[in-house]
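Remarks on the overall topology
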Amino acid sequence: MISATMQAKPLTLADLRNAGIITSTEIVAAIDLFMRDPAAPLYRFASGHTLDVAGILAVEMMGDALPAQSILQEKILRTKIAAAIMAAHPVSP
């Protein structure tokens, strides 16, 4: 039983995607922006939620090389980025 006084846990990007608040297209756009510019500022979703993709990846992927050398390496990098941000907690509007 959930008490009214219990705080809800923060929603992850995956939770917001499953609830239809953030779309898959927006998530791909956030990844694309990071791939083009790893120093890009916060990504703002249409819902108003924001996510510091570069900040999350700085912690999650320490030591991983960002520049892709081949198509396969780029796909692997995109998969790692997607996994890291899906578990992240965007800031609510």
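Residues numbered from 1 in each chain as written. Predicted model: local features only at pLDDT ≥ 70, side-chain atom pairs only at ≥ 80, totals over all residues. Heavy atoms only, no water.

1. Some details on the overall build of the protein
Along its length, the protein carries four helices and two strands. Reading the helices (α) and strands (β) of the protein from amino to carboxyl end gives α-α-β-β-α-α. Burial statistics for the protein: of 93 residues in total, 28% are counted as buried. Sequence-distant contacts, at least 24 apart, represent 59% of the contacts inside the protein between residues at least 6 apart. Per element, the accessible surface of the protein, about 6200 Å² overall, is 61% carbon and sulfur. (Helix = DSSP H or I, 4+ residues; strand = E, 2+ residues; numbered from the N terminus. Buried < 20%, exposed > 50% of the residue type's maximum accessible area, 1.4 Å probe, protein only. Contact = heavy atoms within 4.5 Å. Areas by Shrake-Rupley, 256 points an atom, 1.4 Å probe, with all protein chains shown as cover.)

2. Observations concerning the environment of threonine 50
One can find threonine 50 in strand β2 (residues 50-51). Put simply, threonine 50 and valine 91 are 41 residues apart on the chain and 5.2 Å apart in space, counted from C-alpha to C-alpha. Once you skip the residues sitting within four places of it in the chain, threonine 50 turns out to touch Leu42, Tyr43, Arg44, Pro90 and Val91.

3. So, the confidence of the model for the protein
Averaged over every residue, the pLDDT of the protein is 86; residues scoring 70 or more account for 83%. The least confident element of the protein, judged by mean pLDDT, is helix α3 (residues 53-60) at 87; the most confident is helix α1 (residues 13-18) at 97. (pLDDT = per-residue confidence, 0-100.)

4. A word on the packing of aromatic side chains
Tallying each qualifying case throughout the model produces one aromatic pair. Their ring planes at 70 degrees and their centres at 4.9 Å tell us that tyrosine 43 and phenylalanine 45 sit as a pair that is edge-to-face. No difference in accessibility class separates tyrosine 43 from phenylalanine 45, as the two residues are buried. (Phe/Tyr/Trp six-rings, centres within 6.5 Å; stacked < 30°, edge-to-face > 60°.)

5. Points about the pattern of salt bridges
Across all of its chains, the model carries one salt bridge by this definition. Between aspartate 32 and arginine 78 there is a salt bridge, with its nearest N and O atoms 2.5 Å apart. Here the residue aspartate 32 occupies a position in helix α2 (residues 24-36), and arginine 78 occupies one in helix α4 (residues 71-86), the gap between them amounting to 46 residues. Accessibility expressed as a relative area gives 27% for aspartate 32, which makes it partly exposed. Residue class for arginine 78 comes out partly exposed when judged on its relative accessible area of 22%. (Salt bridge = Lys/Arg side-chain N within 4 Å of Asp/Glu carboxyl O.)

6. Describing the packing of α3 against α4
Put simply, α3 and α4 touch, their axes get as near as 10 Å, and they point 105 degrees apart. With respect to their mutual orientation, α3 and α4 come out roughly perpendicular. Across the interface between the two elements, Val53, Ile56, Leu57 and Glu60 from α3 touch Ile81, Ala84 and Ile85 from α4. Of the residues in the contact of α3 with α4, the class split is six nonpolar, no polar and one charged. (Axes fitted to C-alpha atoms, helices over the stretch in contact; angles between N-to-C directions. Parallel < 35°, antiparallel > 145°, perpendicular 65-115°, else oblique. Nonpolar A, V, L, I, M, F, W, Y, C, P; charged D, E, K, R; others polar.)

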